[in-house]
Structures are given as structure tokens and as C-alpha cells.
Amino acid sequence: MEDEPVVPEPATRRSKRARAQVRTADFTRTDKIEDELEEEREESSDDLQENRRKAKRNKATEGASTSAAAARKADSSLIDVVKGEGKEIPDVVKRWVEHYDKNQKSATADLLSMLFEACGAKYCLQEEDIDMTDVDDVVVALVNMARRGEIEDYQSSKRGFKNFKDNLIYFWDNLVSECQSGPLFDQSLFDRCLDYIIALSCTPPRCYRQIASLMGLQLVTSFINVAKVLGAQRETTQRQLNAEKKKKIEGPRVESLTKRLSMTHEKITTMEEMMRKIFTGLFVHRYRDIDPDIRMSCIESLGVWVLSYPSLFLQDLYLKYLGWTLNDKSAGVRKTSVLALQTLYEVDDNVPSLNLFTERFYKRMLELADDIDISVSVCAIGLVKQLLRHQLVPDDQLSSLYDLLIDDPPDVRRAIGALVYDHLIAQKFNKSQSHSTGSNSDSSEVHIIRMLQILKEFSTDPILSLYVIDDVWDYMGGMKDWKCIIQMLLADNPSAELDDVDATNLIRLLFASTRKAVGERIVPATDNRNPHHTKAQKEIFENNKRDVTVSMMKTYPQLLRKFMPYKDKVSPLVEIIVHMNLELYSLKRQEQNFKAILKLMREAFFKHGEKDALRSCVKAIKFCATDSQGELQDFAQNQINELEEELIGKLKSAIKDVVNGGDEYLLLVNLKRLYEFQLSHRVPLESIYQDLVHVLKSFRTIDDEVIAFLLLNMFFHVSWCLQSVLSSETVSEALLSSLVEKRDALLEQLEYFLDKPLKLHGDIRCKNQLAYRVCGILADTWCLFKRIRFASTNLEMLGYSPDESIVKKYWKMCEQLLNVSDDAEEDEGNREYVEETNADAVMFALAKLVATDSVPKEHLAPEIISHLEKYGTSVSETVKHLVTSLKKKGDISSILVETLKMAYQRYLVALPGNDKSLSSKLFQECKSLAARLSGSYVGVARTKYKAEIMNIVKEGISYAFSHAPKQLSFLDGVVLHFVSKLPAPDILDIMRGVERRTENVKTDQDPSGWRPYYAFLDTLREKYLKNEAVKDGKEGTSVRRRGRPRKKQDLQGKRLFDEQSSSEEDDSISGSDQDATVEEKQEDDEENVPLIHSLKASSKLRSLKVSKEDKRDQTRTVDAGRRPTEELTPKTSGASS
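Thresholds, definitions, all that
Residues numbered from 1 in each chain as written. Predicted model: local features only at pLDDT ≥ 70, side-chain atom pairs only at ≥ 80, totals over all residues. Heavy atoms only, no water. Helix = DSSP H or I, 4+ residues; strand = E, 2+ residues; numbered from the N terminus. Buried < 20%, exposed > 50% of the residue type's maximum accessible area, 1.4 Å probe, protein only. Contact = heavy atoms within 4.5 Å. Areas by Shrake-Rupley, 256 points an atom, 1.4 Å probe, with all protein chains shown as cover. Core = buried A, V, L, I, M, F, W, Y, C linked by side-chain atoms within 4.5 Å. Axes fitted to C-alpha atoms, helices over the stretch in contact; angles between N-to-C directions. Parallel < 35°, antiparallel > 145°, perpendicular 65-115°, else oblique. Left-handed = near helix turned anticlockwise from the far one by under 90°. Polar contact = N/O pair within 3.5 Å; in protein donor to acceptor, adjacent residues only side chain to side chain. Nonpolar A, V, L, I, M, F, W, Y, C, P; charged D, E, K, R; others polar. Phe/Tyr/Trp six-rings, centres within 6.5 Å; stacked < 30°, edge-to-face > 60°. Lys NZ or Arg CZ within 6 Å of the ring centre and 35° of its normal. Salt bridge = Lys/Arg side-chain N within 4 Å of Asp/Glu carboxyl O. Patch = residues over 30% accessible without salt bridge, like charges linked within 9 Å, V, L, I, M, F, W, Y side chains within 5 Å. Lys, Arg positive; Asp, Glu negative; His and termini not counted. Charge placed at Lys NZ, Arg CZ, Asp CG, Glu CD. Expected span 1.5 Å × (residues − 1). pLDDT = per-residue confidence, 0-100.

Asks: Would you take a moment to explain the overall build of the chain for this structure?
Replies: Assigned secondary structure in the chain consists of 52 helices and zero strands. Sorting the 1137 residues of the chain into buried and exposed places 47% on the buried side. Considering only residue pairs separated by 6 or more positions, the chain has 74% of its internal contacts joining residues 24 or more positions apart. Within the structure as shown, the chain displays about 58000 Å² of accessible surface, and the carbon and sulfur contribution to it stands at 48%.

Asks: What exactly am I supposed to notice about unusual backbone geometry here?
Replies: Keep in mind that most residues, glycine aside, have a negative phi and that most peptide bonds are trans. Cis geometry marks the peptide bond from A964 to P965, where omega comes out at 0 degrees. When you line up the elements, P965 lands in the loop between helix 45 (946-962) and helix 46 (969-979). Phi is positive for Q427, which is not a glycine, with a value near 50 degrees. For Q427, a relative accessible area of 15% puts it in the buried group. Phi at D853 takes a positive value of approximately 60 degrees, unusual for a residue other than glycine. In this structure, D853 sits in the loop between helix 39 (839-851) and helix 40 (857-866).

Asks: In this structure, what is going on with the environment of L312? I would like to understand it.
Replies: Along the chain, L312 falls in helix 12 (residues 310-313). A relative accessible area of 4% means that L312 is categorised as buried. Sequence separation between L312 and E272 is 40 residues; the distance between their C-alpha atoms is 7.9 Å. Not counting chain neighbours up to four residues away, the residues in contact with L312 comprise E272, M275, R276 and Y318.

Asks: It is not clear to me how the nonpolar core should be interpreted in this structure. Could you clarify?
Replies: Across soluble globular proteins, nonpolar side chains show a tendency to be buried alongside one another. Residues W172, F313, Y556 and Y810 are the most contacted members of the largest nonpolar core, which totals 332 residues. Residues within four places of Y810 in sequence aside, it is in contact with L754, C775, L778, A779, W782, A845, L846 and L849.

Asks: What is the right way to read the packing of helix 31 (residues 689-698) against helix 33 (residues 733-754) from this model?
Replies: Helix-helix packing: each pair is described by the crossing angle between the helix axes and the interaxial distance. Put simply, helix 31 and helix 33 touch, their axes get as near as 11 Å, and they point 20 degrees apart. As the angle between them shows, helix 31 and helix 33 are arranged roughly parallel. Note that helix 31 runs across helix 33; the crossing there is left-handed. On helix 33, the residues touching Y689, Q690, V693, L696 and K697 of helix 31 are E741, K742, A745, L746, E748 and Q749.

Asks: Which parts of the structure should I look at to understand the side chain of D371?
Replies: Examined against the element boundaries, D371 turns out to sit in the loop between helix 15 (355-368) and helix 16 (374-389). On the basis of relative accessible area, D371 is assigned to the buried category, the value being 14%. One polar contact links D371 to R334, side chain to side chain, over a distance of 2.8 Å. Ignoring any residue separated from it by four or fewer positions in sequence, one finds D371 in contact with R334, V376 and S377.

Asks: Whenever I open this one, the packing of helix 18 (residues 410-425) against helix 20 (residues 462-472) confuses me. Can you help?
Replies: Put simply, helix 18 and helix 20 touch, their axes get as near as 7 Å, and they point 80 degrees apart. Taken as axis vectors, helix 18 and helix 20 run roughly perpendicular relative to one another. Here R413, R414, G417, Y421 and I425 of helix 18 lie close against helix 20, whose contacting residues are Y467, D470, D471 and V472. Taken together, the residues that form the contact of helix 18 with helix 20 break down as four nonpolar, one polar and four charged.

Asks: Sorry, what's going on with the packing of aromatic side chains here?
Replies: Aromatic ring pairs are reported here in terms of the distance separating the ring centres and the angle at which the planes meet. In the structure shown here, the tally under the stated rule is 37 aromatic pairs. Ring centres of F190 and F223 lie 6.1 Å apart, and the angle between their planes is 70 degrees; on these two criteria the pair is classed as edge-to-face. On the criterion of sequence distance, the pair formed by F190 in helix 8 (residues 189-200) and F223 in helix 9 (residues 206-246) is long-range, its members being 33 residues apart. Summarising the burial analysis for this pair, F190 and F223 share the class buried. Put simply, the rings of F279, F283, Y287, W305, F313, Y318, Y321 and W324 touch in pairs and so form one group of aromatic residues. The cationic tip of K480 hangs over the ring face of W473; the distance from NZ or CZ to the ring centre is 4.1 Å. Note that K742 overlies the ring of Y689, its terminal NZ or CZ placed 5.7 Å from the centroid.

Asks: In this structure, what is going on with helix 40? I would like to understand it.
Replies: Every α-helix winds through 3.6 residues per turn, so residues three or four apart in the chain are directed the same way. By the criterion of burial, helix 40 is predominantly enclosed, with seven of the ten residues buried. Within the sequence span of helix 40, burial applies to L860, A861, P862, E863, I864, I865 and S866. The inward-facing, buried residues of helix 40 contact helix 37 (804-818), helix 39, helix 41 (873-889), helix 42 (893-910) and helix 43 (916-934).

Asks: What exactly am I supposed to notice about the pattern of salt bridges here?
Replies: Side chains bearing opposite charge may pair, as long as their charged atoms lie close to each other. The full count for this structure, using the stated rule, is 42 salt bridges. Linking R148 and E150 is a salt bridge whose minimum nitrogen-to-oxygen distance equals 3.0 Å. Among the salt bridges present, the one from D348 reaches R389, with a minimum N-O distance of 3.2 Å. With D348 in the loop between helix 14 (331-346) and helix 15 and R389 in helix 16, the pair connects residues that are 41 residues apart, well separated along the chain.

Asks: Sorry, what's going on with the environment of E751 here?
Replies: Mapped onto the elements, E751 comes out in helix 33. For E751 and V774, which are 23 residues apart along the polypeptide, the C-alpha to C-alpha distance reads 8.6 Å.

Asks: What am I meant to see in the side chain of S876 here?
Replies: For S876, the location among the structural elements is in helix 41. Among the residues examined, S876 registers a relative accessible area of 6% and is labelled buried.

Asks: Looking at this model, I keep getting lost on the environment of D195. Mind explaining?
Replies: Tracing the backbone through its elements, the reader meets D195 in helix 8. Under the relative-accessibility criterion, D195 is labelled partly exposed at 22%. For the pair D195 and D136, spaced 59 residues apart in sequence, the C-alpha to C-alpha distance is 9.3 Å. Within the local environment of D195, its side chain forms a polar contact with the side chain of K277, the two groups lying 2.8 Å apart.

Asks: Would you explain a negative patch on the surface in this entry?
Replies: On the surface, a cluster of negative charge is contributed by D110, E127, E128 and D129. Within the secondary structure, E127 sits in the loop between helix 5 (104-118) and helix 6 (135-147).

Asks: Could you clarify how one ought to interpret helix 5 in this entry?
Replies: Between its first and last C-alpha, helix 5 extends 21 Å over 15 residues, near the 21 Å set by a 1.5 Å rise per residue. Of all the positions in helix 5, only S106, A107, T108, A109, L111, L112, S113, M114, L115, F116, E117 and A118 are classed as buried. On its buried face, helix 5 is in contact with helix 3 (78-83), helix 4 (89-102), helix 6, helix 7 (164-179), helix 8 and helix 9. Backbone geometry just downstream of helix 5 places G120 in the positive-phi region, at approximately 110 degrees.

Asks: Where do I start with the confidence of the model for the chain in this structure?
Replies: Parts of the model with low pLDDT should not have their predicted coordinates read in detail. With 79% of its residues at a pLDDT of 70 or more, the chain has an overall mean of 80. Every residue in residues 59-74 is under pLDDT 50, and counting partners more than four places away or in other chains gives three contacts. Every residue in residues 825-830 is under pLDDT 50, and counting partners more than four places away or in other chains gives eight contacts.

Spelled out as C-alpha cells, the structure:
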């Protein structure tokens, strides 16, 4: 009893002898049963005995095959098992441990050989050399093998080893587990393995460092598992020992427990010493390895160690590495560090030990919430939530985080939204906060009030408010409590905490939440694709739509009556009906409420004159007229008809007031209403169209905004009439004549305003709003009635094409509008209809005219493209799309040549002046334009558009020599960009053609004027020789050494285990890959042009006949102004001779 262990150690493996005894016993018992059965069945037939003999033979055969498979497994090496599927690893590890018990040296040699081959080096240690071999000597030999390229990288060279790393980790974990009853603590096997692993982790070959680091880090993890088991045993033994000591009886029991406790403690100490050895020898150097994957694995492992074994690793000595890697240049390493810290802070018991660490690094954690990498930012926000949960961050440090609510990446915004909800709205992290204990409605009201306090910070910008609502919506149930929101809006005695701004924000919140509930986006998506919803999601949206409708069915008219006078509240409130289920009004017998809503919307339409309110009213009324059913639909349609009649009546009255000298305000407001209505609905304006034309002709001095809306409404009426004609099967000639008459009247007024000078002083954008409108309306009208659209049809009389003089006037106005500064556009960002009156709208109108062939593009297209360098980013994008569209239609070489000529001509005009900076700037713009246009001919486009490029080059050369030498800079500044896109033979032809142009020209009379010509030729020669050299290099069979460049061996084995080595030495080892890459690149550059290729280039240069005496004389004349030819070719080519 005394010898019986109190706490039995876990049986890690069972001996072969025990397993054999069990199998023998079972077999004997089976034989006895069979004998008894045979005695009872002596009279059975011989067939049954024969069947039994066959079954025994089959069993014997199966046993033989199983033995053969086991033999094959035994013959396979350890590395083969690791390379395999991994299922055999536990059995192989058990057999290896048994082999180690019998022959330690042989088993150790096998294990170390597997370790080396796992790193990629087939280096075998002999059994007899185990004790005699020095670790440093072996590692140096392994490094030399890597330099000779005699290694295999399992991680990158073969796909079949994708599970190699997992199998290797599994192998070492099983090995540690199997050895914990003996070899793990013999201070021989694992000490030797650790020496080799640590040494290999500090070598230059990256594959060695990767695999060695992987094995070393896993060994620490496995040691921790063993130490935890031993720790549990130690605690149990300690409790039992304390219990025995309380009995105050000294005896063998106490002595046995004391001995067991001491042995367990020694084993734990041994485990921790090996952990520290790996940490100081491997981790401390590899956590800042040049390879980010190695750094990631180190930090990930450290996080696991601290979490699973805090008694050793949960101290600042180890935690500081997690803090330091928060600044790593690799996003993956930063993310790994953040995730490791997040798991640590999730355990409440860890927080006291993390106080000093938090105080040192919490500011960096906050900064990572705005990391350049989105995944890091999202993880960091989760980490900040843990800090807030433990109240480790002061609230005044969180202001920068809240700015991320309106950040671009949606993942970051969602993460911040969760943090804002938990911290500010639900206040889960504030233990002193007294939470509401009332009903759900009370809780929702409290949350909504807190949300309104946040929205008040963004009240001046409704778009930013939408971003905040979108961020928090998924987490805040109060936003879906429609009844609570409506009650707060309709309360007779609203809370003192709610003011007018809060009421506006609450209506915006109600509208945005309604849209989110039915599956709409309230902020723009990054991918601009329509969202795809599953069947389950669609059912949820329909249920939400039903809930919204039921909640607002009776209270909606009350809301409209209460907030109708307020222009900032009526727009979102009116538009809510678009997201309701109108069918329920009939099912619930709420027809009167529906009719009341329509009447109130019609009243709101005539009560307001702002764009948002008008557009929302029109949208809501049109929705009611199309989505309602039966009697309600008829009532809605009647409301639209009555609205049309009332609007036309108000317009007639306003026009009459203006004619009689009255105020223009009523006319402007009703024109806006008519414009918003005509955007989606045809209004019969036949009775007042001529009145609109009369106002334009007779009252030229009225406000520009009134004129703009007069023209807009006339254009929309003409457009609706054209649409009616095109959709009708038969059209009378009178109707066509009427349409032509209306169109001509509109064009007459538009062309009149083309001659009106722009107001280029003061508030430019506001004063020239009419000019923006004229440009847009003219382009739309010309596109609708373009002549080629109606040619050879019955509607040919509708075709129209503007005169060239009108197009030039149009371009002149557009050019002036495009020159308006970006600052002026930004100042008008809050103005109504700003998206329709800016430079983007002007360029879109121009591009549409050219792309649709509505006007002759030979003049307008070059003018547009020639100013590409002067436009802003968004306008330039429109021009790029225009060029792409023209390319798809055919050859645009003539357009591009004319474009470049226009840009160059602006430079020539400024050249004679005294402003050298202006001429230099214009020439640089011309060169940049040529570079951007030629940049579109890349890759396969060079071959596809070769003829087009050749036309541009030839036309450009002809233009340059048309006024030589005045325009020769066109060659070097423009043509050269396109020549470089041609193959070498074409460059040679172009060079010879250019030389022929100067055969009878005395260029030495004006050396400075002809300098661009010679610079152009020199550059052509250089490009030609370069292309030919590359071509010859492809045709040749030169053999180049691949892999890492050979360097002088300077690795000293004794320094591998030098504990006093500095961090700089480790850095130099880790950085050797990078240095080698740079040297390899330098060697590649030197080998790119071999000597034979230079000699070939020299012979081809002589074949160009550039060594004629007259050419040399001319060259010497202008030698001071350009590079000598010798510098264009290799020194050994003899090109200067």
C-alpha cells in the first residue's frame, strides 16, 4: 500500500508485452469456445469444416498482409512520414521512442537527420559520430550546402508539401508527449535537438530559419502542455502532502509524497529552462527577422504561450515584444500582435498583470485603429473595446476614434459603430452608470437620446449623419423601435433634452432606419454593385416593411401636419411612404388615412420650393399612384392631375405678374416645381410654351436663375414631345412641325446665350450658373436631334446638326467654364443643383457630343483632349473614357495628331514673349500630354494599333519639318514618345527617313535651331540599339548562373552560440537575403548586355551610314549642345571610330 502511487502518472504508451498478453488471452479463449462447439457438432457435414478451414486461411492471409504493411511502415524514414498524410505519425513516434530506449545513439542520429532534411538539407549523421560531432561544424556544413544550391525548400518548391508544416508540428508535439516519461528529462536528447534548432534559426538561408523557427516555437508550446500537466500533478501532490502533515504522523507516506513533489518540481523547472533557452536563443532574434512570416509565427506563438502559461510568460519581460511589434512594417505582424493582445485582455485575471504594459502601449493601440491596413484597423478596434471594458483608456483619448465613423472602409466603420454603441449608447463598459430597468420602450428611448447626442455633432451635414446611423444600426435595437421613435416625435411635451436639431436628426434617423430595414443602402457602396439578398433576407425585409407600415399607418398624417412647415424635416418624412406596404391600407381599412397623406403631400409640394422637398414630394406621390391598388390608385392619379392643373395655373399667374412688372420670385419657385415634376412625369405645357418663349425674348434682364429654369422646362417639354413621337405608331405632319417649331425656338434662345460674355469676376460659379445650364441643355438637345439618328426615316425632318461656327462658340464657353478654379467649385459645394453645374457636367456634355457623333469631332475632340493636363482628376477621367470610346470606333491617329498640334501651338504662341516660365510650362504640358496619350499603347496594344502609331509618328515628323527649324522641338518633345512604342525595324526606317529630309539642308547655319533634330536622332539610335540587343539576347544561348550570387565564405561556427553577440550581428545575418538580392540585381544588370551583343550593335550602327563625312561635320558643329554618340553605346563597341 505504501508503494502504490498516490497520483498515477499518465500512461503515455503501452508496452509491447502488455499488448501481446491481451491478444494471446483473447485468442486462447476463442479456441476453447470453438473446441466446445466442435464437440457438440460432431455430426455436422464436411462442408462446414471445409468452410471453417477456408476462413482460417483467409485470416492467415490478412494477418500476413497486415504484417507486411507494418514492415513497410517500419522501413519508412521519419522524414517520409512527415511528408506524408500525417496519419502514421503517432505510431511512428511510439516506435521511435521504443528504438531510443534500446539504442539512444542510433535513434538520435535518425531524429537529427530528419531535422536537417526537414530544413531541406539531406545531411545524415552516423550513429558513432553523435558524441564526437560539434554542432557548429554541422551547421556550417549545412550553410555551405545551401550556398551550393543543394537544398530543397518544401514551402515553395512543391505543391505536394502544402501540409508539411502541419505534419512537422504534429510530429514534434507527439514526440514531446511520448517522451515525457523518460527521454524528455534525460538532459541529452532534447538539449542536443535544441542546440541544432537554435543554430539553424540563426543562419542566412531563409528556408533553414523558417523551418527551425517553426520547430523551436512548437517545442515551447509542447513543453507548456507538459508543464501544465506536471503543474496539476504538483498541486494534487501538495494537497495530499498537506493533508498527511495535518495528521502529524511521520511515515513512508509523507516521505513518498515529499519525494514525488520534489521530482515533479524538478521536471517543471527543467521544462521552464528549456523554454527560456529557446526564447533567448531563437525568439529574441527571429521576432525581428527579415521574413514577415517568421515574425508572425513568433508573435503568434508568444501570444499562445502567455495565454496558456501565464505563470512564466505573463510578465513585462515577455510582453514587451508584443508591444514592440505593434510598430512592425508588415501589416500581418501588426495584426498578429493585436490579436494576441486581444485574447490576453479577454481574460479578466490577466488584467492586473497588464497594467504597466497597458500604460506604456495603449496610445499605440489607439493609433492602430486608423492603420493603413483595414484588417489591422478592425482588429485594433476590437482590442480598444477590451481596454474600454476594463476602463484602461481615458475617454479624452477616444476623439480620434470617433472620426472613423465617417471613414471610407465599411469594415472599419462597422467596427467603430460597435464600439460606439457599447461604450456611448449602451454604456456596457461604464459600471457606475445606472442602467434603465423599465420596459423595452424606455430602454429604447434612452438609447435614442444618446444616439441623438452623437448625431448633433454631425447635424450640419446630413450625409455624415447617415454614415453614423449606418455604422451603429446593426447593433442598436432602438433604431427598429418604430413606435418609440414616433411617440418621441409626437409628444406634446417633448423631453427637455430634445430640441429642434434633435427633432431633425430623429426624423433623419427614422427615415434612414426605415431604408435599412427594407434592405436599402443609405451610404454609397465601394463596389457600386447591386446587393444580392437571399430568400431569408427578403422575407425579413418584407416583415420589416409590414411592421413600419402598421406602426405609421395611423400616426403618419399627424407627423406630416406637425412638421410640414419645416423644410429640413419634410423631405425625409415624406419619402418614408416609398418604403411602406400600401396594400395594408386597404386590408386594414385605413383608406381615409391614405387619402389624408396624399393631400398633405400635395400641400407640402406647394408649400416649399427647395429641391429636396420638391423631389421627395414628387417621388412619394408618384409611388402612391403606381403601387397602390383599386380605389386608392384612382384617388392618387386624380391628385396628380389636380396638381398639374394647379401648377400650370400658378405658372400662368406668375408669368403675368412678371409681364406686368411684378416680382420674379413666384415665377422662379413654380419653375423649380415644374422642373422637378417634369423629371419623372410629362406635364402638358402646350398652353404656356409660347409664354415661356415670350418671357425669354422680351425680358433679357431677368435673373439668370429664372432664365436657366425657363430653358430647362422648355427642353424637358421638347424631350417629352419627342418621346411621344418616337413611341407612336403613326405621327401626323402637323405634330412633327409643331415639335420642330418648339425645338427651333429652344435652340434660338440657347444660341443667343452662347454670345453672352461670362462674368469672370466675383463669385464666378454662382454668376455663371446660366452658362453651365446652356452648355448642358445644348449638348442634350443636339444629341436628341442629331441628324444621323433620323436620316433615311419618316422623321428625317427632326434631324439637326449645328453649324461649325456655333460649335466653336460652344467650345469657347465650355473652355472658359473648365478653367474655373477648383477652389471656386469647393466653395459652392452646398448650393442646390451643384452636381448639374460644375466642370464635370461640362466635360460630360462635351464627351457625349463627340462620342455620339452629334457634332463633327474633327475639331471638338482635339480641343477637348489637348487640355487634358489642365483638368482636375475627375474631369481627366471623363476625357480618358472618351479616348477609349473613340479608339473602339476606329483609327483616331488624325485626332491625336491634331490634339498634339494644338497643345504645341499654344507653346509656340507664348515662346516669343518675355515670360519664359509660361513657355516652359506650356512645353512641359505638351510633353506630358504626349506621354499620357502614348501610354495607352502598351502591351498587346502596340501590335494592335501599330498602324495608328505609325500614322501619328509620320504626321508628327511632317509637321515638325513644315517650319524647320522652328518646330523641330516637336520631334523630341512629342513624336519621340510614340516612336518608342514601335519595333526596332520601324525605328530604323523612321530614322533613315528623317535623315533624308536634311540631305540638302545646311544645318550648320543654325546650330541651336537644329539641336532638337540631332537629339531626336541620337535617342532613336539608342532605342534601336537597345531593342536589337534585347532581341539578340533572346536569340543567343548565353548561360547565366542562377540562384544566390557566390560570396566569400565568412561564416564562423564559433559565433553561432556566442551569447555576447550583439543584435547588430543578428540583423546582418537576417538581412543577408536582402543584400544578396541587391547584389544579384547588380550582377544581372552587368550581364544584360554581353560583349558579343555590344559588337553586334556596333556593326549595326555602322550600317546606318551615320559615319559619312558631312554628317560628322554637322555633328561636330552642334556637339556642344547635345550628348556625344559615344555615350549612347557600350565603351567596347567601338562606335566612336
